[in-house]
Amino acid sequence: MPTEFISLTFPNASTEINPIPNSSVDPDYLERYARNLDDYAFNYTLVPYDSSSFDPWTIGATIAAVTKNLKIIIALRPNTLYPTVAAKALATLDQLSRGRAVVHFIAGGSDVEQAREGDFLNKEERYGRLEDYIKILKRAWASPEPFDWDSKYYQFKQFRNLVRPVNGSSIPISVGGSSDEAYRIGGSLADILGLWGEPLKETKEQIDRIYAEAAKAGRPEGDRPRIWVTFRPIVAETDELAWAKAYRVLDALKANRADGKSRVPADAPPPQNVGSQRLLEIAKKGEVQDRALWYPTVTATGARGASTALVGGVQTIVDSLLDYVDLGAELISIRGYDNLNDAIDYGRYVLPKVREVLRERERKANGEI
């Protein structure tokens, strides 16, 4: 399948470097942001989830209404919605968007965050619940016939889903995570597995683990999960200008955290989730790795969320992204620190160049040039 690009949805002008405290949804900004992603040929936008933030379903439906091609990825924690309800909600969004709905599952990487919405399962149980959840969705979309379910986490009788996905039988399922449990469940059940940006060596090791789990589950090579890797590119006209910009971003991140303006308090405990722990361990090996992978943004934010930067001029960023494509990443998520303007810059300068290289490679492979 072709390489595709993902952004993150932002419902207002607040950013990590210029935060607007207690900002509300800005409908005009949200529409402008979504339309720009559509116009600049991003393939997907992820609508994130947080226990204290906006409802992703409403945001996702709004995006669907103002775009034509952009696929909407709804981030979903299983504790927040019963799977039979989610099956109908996702299929409804799929119909409204004419087949553009995707779901991204987050099992839950923080006991504290999960407890805020009444979820007190441990990590192993959360992944067990996620496995059940995905199986229920797949069954609910595969057929409108009634079925029962009886497991540790869910029990129901004769549920039938008459809200059918546009393709008749499925909606793409993504799983995020870098733990053994995430590899197992994503490798066996997901269409997409999302990873944060790590060096090439570590990323290749993770991909191999995921593919091994897919093979163990009996999935043929052509049915393995697509790999999604996320970065925070800091791009400028030249490498020199990009590095100057990167250090300005870093100064702002540090200052905002020290001043209590960051979503991560200065005295926050170490992260519980394996993905963040991996990023912090890798950061100890050096600030810059591979071509342009920069880790001070990881340590400045406590590795909360996607935080690894790529720094350089346009060609450096393009070459860096192609390195990951060559490893097997088919989905590349890129978002910056000046959300709207960075998305526009990526759409103008980065995405076309990556796609041009890939088209040229394809023509060569087909003997056309």
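Residues numbered from 1 in each chain as written. Predicted model: local features only at pLDDT ≥ 70, side-chain atom pairs only at ≥ 80, totals over all residues. Heavy atoms only, no water.

**With respect to the pairing of strand β3 (residues 71–76)**
Argument step 1. The element β3 is extensively covered by neighbouring structure, given that 5 of its 6 residues are classed as buried.
Argument step 2. With 4 bridges joining them, strand β2 (residues 44–47) and β3 adopt parallel strand pairing. From the neighbouring strand, V47 faces β3, where its bridge partner is I74.
Argument step 3. Crossover β2 to β3 through helix α2 (residues 56–66) is right-handed.
Argument step 4. Where β3 lies against strand β4 (residues 101–105), 5 bridges are found, and the strand directions are parallel. Bridged to I73 within β4 is V102.
Argument step 5. Read as a crossover between parallel neighbours, the route from β3 over helix α3 (residues 83–96) to β4 is right-handed. (Buried < 20%, exposed > 50% of the residue type's maximum accessible area, 1.4 Å probe, protein only. Helix = DSSP H or I, 4+ residues; strand = E, 2+ residues; numbered from the N terminus. Pairing = 2+ DSSP bridges. Right-handed = clockwise from strand over helix to strand, strands pointing away.)

**Details of the nonpolar core**
Argument step 1. Core analysis: the largest hydrophobic core is formed by 93 residues, its most contacted members being F105, W141, L321 and I332.
Argument step 2. Ignoring anything within four residues of it in the chain, the contact list for L321 reads F5, F231, L310, I332, I334, V350 and V354.
Argument step 3. If you look at the next biggest cluster of nonpolar residues, it comprises 13 residues, including A236, V249, L250 and A309. (Core = buried A, V, L, I, M, F, W, Y, C linked by side-chain atoms within 4.5 Å. Contact = heavy atoms within 4.5 Å.)

**Looking at helix α1 (residues 27–39)**
Argument step 1. The end-to-end C-alpha distance of α1, which contains 13 residues, comes to 18 Å, matching closely the 18 Å that a straight helix rising 1.5 Å per residue would cover.
Argument step 2. Every buried residue of α1 is accounted for by Y29, L30, Y33, A34, N36, L37 and D38.
Argument step 3. Packed against the buried residues of α1 are β1 (4–8), β2, α2 and α12 (339–365).
Argument step 4. Its side-chain oxygen placed 3.1 Å from the backbone nitrogen of D28, D26 serves as the N-cap of α1.
Argument step 5. Residue A41 follows α1 closely and has a positive phi angle near 65°. (Expected span 1.5 Å × (residues − 1). Polar contact = N/O pair within 3.5 Å; in protein donor to acceptor, adjacent residues only side chain to side chain.)

**Considering the packing of helix α6 (residues 180–189) against helix α7 (residues 200–216)**
Argument step 1. At their nearest, the axes of α6 and α7 sit 7 Å apart, and the two run at 50° to each other. The pairing of α6 with α7 is recorded here as oblique in orientation. Relative to α7, α6 is oriented so that their crossing is right-handed. Of the residues in α7, those in contact with D180, Y183, R184 and G187 of α6 are Q206, R209, I210, E213 and A214.
Argument step 2. The class makeup of the residues in the contact of α6 with α7 is 3 nonpolar, 2 polar and 4 charged. (Axes fitted to C-alpha atoms, helices over the stretch in contact; angles between N-to-C directions. Parallel < 35°, antiparallel > 145°, perpendicular 65-115°, else oblique. Left-handed = near helix turned anticlockwise from the far one by under 90°. Nonpolar A, V, L, I, M, F, W, Y, C, P; charged D, E, K, R; others polar.)

**Structural notes on the packing of aromatic side chains**
Argument step 1. In this structure the tally under the stated criterion is 13 aromatic pairs.
Argument step 2. Judged by centre distance (5.4 Å) and plane angle (80°), the ring pair of F147 and F156 falls under edge-to-face. Like F156, F147 is buried.
Argument step 3. Seen from their ring centres, F156 and F159 are 6.0 Å apart, and the 75° between their planes marks the pair as edge-to-face. For the residue pair F156 and F159, the accessibility class agrees, reading buried in each case.
Argument step 4. By the ring-pair criterion, three or more aromatic residues cluster together here, those being Y82, F105, Y133, F147, Y154, F156 and F159.
Argument step 5. Here the basic side chain of R224 rests over the ring of Y211, its NZ or CZ set 3.6 Å away from the ring centre.
Argument step 6. Between R232 and the ring centre of Y337, over which it is positioned, the NZ or CZ distance is 4.1 Å. (Phe/Tyr/Trp six-rings, centres within 6.5 Å; stacked < 30°, edge-to-face > 60°. Lys NZ or Arg CZ within 6 Å of the ring centre and 35° of its normal.)

**Quick notes on α6**
Argument step 1. If you check which residues of α6 are buried, you get A182, Y183, I185, G186, G187 and L189.
Argument step 2. Buried residues along α6 sit against α5 (123–142), β7 (173–176), β8 (192–196), α7 and α9 (274–283).

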